[in-house]
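Summary of the model geometry
Spelled out from the first residue to the last, the chains are:
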Amino acid sequence: MTVTITRPVRRRPAFHPLPVAAVDRLAADAVAITFAVPEELRDTFAFRAGQHLTVRRVGEDGQDVRRSYSICSTPDDLARHGRLRVGVREIPGGAFSGYACGSLRGGDTVEVLPPLGNFTTAFAPDRARRYGAVVAGSGVTPVLALVATALAVEPASTFTVVYGNRTANSVMFAEELADLKDRYPARLHLVHVLSRERGESPLLSGRIDAGRLGRLLDTIVPGDAIEEWFLCGPYGMVVDAKAVLAERGLPESAVHTELFHVAEAPAPPRRPADRADAGTEVTIVLDGRSSSVTMGREERVLDAALRVRAELPYACKGGVCSTCKAKVVDGAVTMARNYALEPDEVAAGYVLTCQSSPLTDTLTVDYDA
Ligand SMILES: Cc1cc2nc3c(=O)[nH]c(=O)nc-3n(C[C@H](O)[C@H](O)[C@H](O)COP(=O)(O)OP(=O)(O)OC[C@H]3O[C@@H](n4cnc5c(N)ncnc54)[C@H](O)[C@@H]3O)c2cc1C
Ligand code: FES
């Protein structure tokens, strides 16, 4: 390994210990964690509605657990009160969600990386937009921040939210959404769909799939009028909703998607068979320093890079959170999957290093770019 200073150091976002101000129960299996951000860190944690935080916890077995949680509070809350809030739904057997919903208490401290993510839009007071969202379960979390921000910042905008849950008792942020509805009765349209309980009508009872969404857009949701959409929930629901909106002529740029988890394992790296066993000399640039490591073509760049730079940023290792994003400045890679980067980022050379395997004999990835 060689390490050289390549240019002036540009500080990579680092984990900060944030005090937990409160852990509030949202539903039988979900909590909201409120962080109190000290004055001196408020700029570092400034965010755009729709973005997420990465938390880290080293378990008793020494395992470094990193997970992403969308921010449900607003940028205004942070600026005025130093408050950042996330919503966590417990996954059976889940390493972090189990801890958050079971043992975490106000007064504890959690290591948190500053906000990241593209599930957002450029809110501006003079914009008049008709926004829509299709969400299910904990997928409502970033949309709560988007709705509250849109309605407060853009007095002429409206928001329609189609929100799927199993039962009325499992609805996260029911109170917060009802408060927003009271505050903006004419500009917020909430449509609750329940899959395991009878809703207000047959159309509102069942899973949100392509058929049901199509019927909703034809009837109670002003589908053709909505200009910008946010989709967040299980993989199948997001894929279905995207297809329905594309069929109705919505351009890809008007539909934002966020996935929390993809169950299937990513495909193995694709490459010409005659080069399959060749090694690659990879240079990693981080914090203005470059380090080199030799890696196999079957490996992921992040895994190889962590051997020489353990402080590299990452979280899901599954292509959904974008924490491991870097720019390829020399050589080429193939990405197994990408559910986090926008097409313009990919066109500019950015990759998810947890999903990237090299295609060339040499490769340079820049985490500072
Ligand atoms: C950008 C982003 C934003 C996110 N925002 C939120 C949020 O606002 N609220 C929230 O509750 N979660 C959110 N998540 C999901 C969260 O990061 C964790 O994946 C989730 O809490 C499970 O972590 P865990 O450690 O409890 O479970 P793990 O120990 O990682 O997993 C336990 C088991 O559950 C499976 N699993 C993991 N995640 C899920 C999932 N989401 N759904 C179904 N099965 C799963 C795993 O494959 C494993 O079998 C977000 C994820 C991303 C990438
Ligand atoms: S670590 Fe989440 S996309 Fe790579």
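The text that follows walks through the structure, step by step, so that each part is easy to find. Here the structure is a predicted model, which means the values were calculated and not measured.

Turning our attention to the sheet that holds strand β6 (residues 83–89). Taken in spatial order, the six strands line up as β5-β4-β7-β2-β3-β6 in an open sheet, and their pairing is antiparallel. The open sheet has two free edges, formed respectively by β5 (64–70) and β6, since each of these has just one partner strand. Shown here is a sheet whose adjacent strand axes are inclined to one another by a mean of 40°, direction ignored. Inspection of the sheet shows strand β3 (residues 30–36) paired to β6 by seven bridges, in the antiparallel sense. In the strand pairing of β6, V31 is matched with V88.

This next bit is on the side chain of T160. Inspection of the secondary structure puts T160 in strand β9 (residues 158–165). Owing to a relative accessible area of 5%, T160 belongs among the buried residues under this scheme. Not counting residues within four places of it along the chain, the set of residues in contact with T160 comprises Y131, G132, A133, H189, V221, P222 and I226.

A word on the sheet that holds strand β11 (residues 228–232). Taking strand neighbours across the sheet as the criterion, the five strands line up as β10-β9-β8-β11-β12 in an open arrangement whose pairing is parallel. Because the sheet does not close on itself, it has two edges, and the strands there are β10 (188–194) and β12 (255–258). Averaged over all pairs of adjacent strands, the angle between strand axes in this sheet comes to 10°, irrespective of strand direction. Here β9 runs beside β10; their pairing, made up of seven bridges, is parallel.

By the secondary structure assignment, S70 is in strand β5. Residue classification places S70 among the buried positions, given a relative accessible area of 6%. Considering only alpha carbons, one finds S70 and R196, 126 residues apart in sequence, at a separation of 26 Å. For S70, the contacting residues outside a window of four places in its chain are Q51, H52, R85, V86, G87, T141, P142 and F260.

In this section: the site of ligand 1. In the vicinity of ligand 1 there are 21 residues, among which R67, S68, Y69, G87 and S97 approach most closely. In the model, an oxygen atom of ligand 1 is placed 2.8 Å from a nitrogen or oxygen of the F96 main chain. Contacts to ligand 1 include S97, whose side-chain N or O atom sits 2.6 Å from an oxygen atom. Notes on ligand 1: free accessible area 900 Å², of which the protein chains cover 75%. Breaking the shell around ligand 1 down by element, the ones donating at least two residues are β5, β6 and α2 (95–102). The greatest single-element share of the shell around ligand 1, amounting to four residues, is contributed by β5. Across the shell around ligand 1, the residue classes tally to nine nonpolar, nine polar and three charged. A domain-level breakdown of the shell around ligand 1 finds at least three residues from each of domain 1 (13–116) and domain 2 (130–258).

In total, this model carries eight aromatic pairs according to the counting rule given. Between the aromatic rings of F96 and Y99, the centroid separation amounts to 5.6 Å while the plane-to-plane angle is 75°, which identifies the pairing as edge-to-face. With a gap of three residues between them, F96 and Y99 both fall in helix α2, about one helical turn apart. For the pair formed by F96 and Y99, the shared burial category is buried. Relative to F230, the ring of Y131 lies with its centre 6.3 Å away and its plane at 45°, an arrangement referred to as tilted. Here the residue Y131 occupies a position in strand β8 (residues 130–136), and F230 occupies one in strand β11, the gap between them amounting to 99 residues. Within the aromatic cluster, the residues linked to one another by ring pairs are F119, F123, Y131, F159 and F230.

Definitions and cut-offs
- Residues numbered from 1 in each chain as written.
- Chains lettered and ligands numbered in written order.
- Predicted model: local features only at pLDDT ≥ 70, side-chain atom pairs only at ≥ 80, totals over all residues.
- Heavy atoms only, no water.
- Pairing = 2+ DSSP bridges.
- Helix = DSSP H or I, 4+ residues; strand = E, 2+ residues; numbered from the N terminus.
- Axes fitted to C-alpha atoms, helices over the stretch in contact; angles between N-to-C directions.
- Buried < 20%, exposed > 50% of the residue type's maximum accessible area, 1.4 Å probe, protein only.
- Contact = heavy atoms within 4.5 Å.
- Near = heavy atom within 4 Å.
- Polar contact = N/O pair within 3.5 Å; in protein donor to acceptor, adjacent residues only side chain to side chain.
- Areas by Shrake-Rupley, 256 points an atom, 1.4 Å probe, with all protein chains shown as cover.
- Nonpolar A, V, L, I, M, F, W, Y, C, P; charged D, E, K, R; others polar.
- Domains from an automatic or database assignment.
- Phe/Tyr/Trp six-rings, centres within 6.5 Å; stacked < 30°, edge-to-face > 60°.

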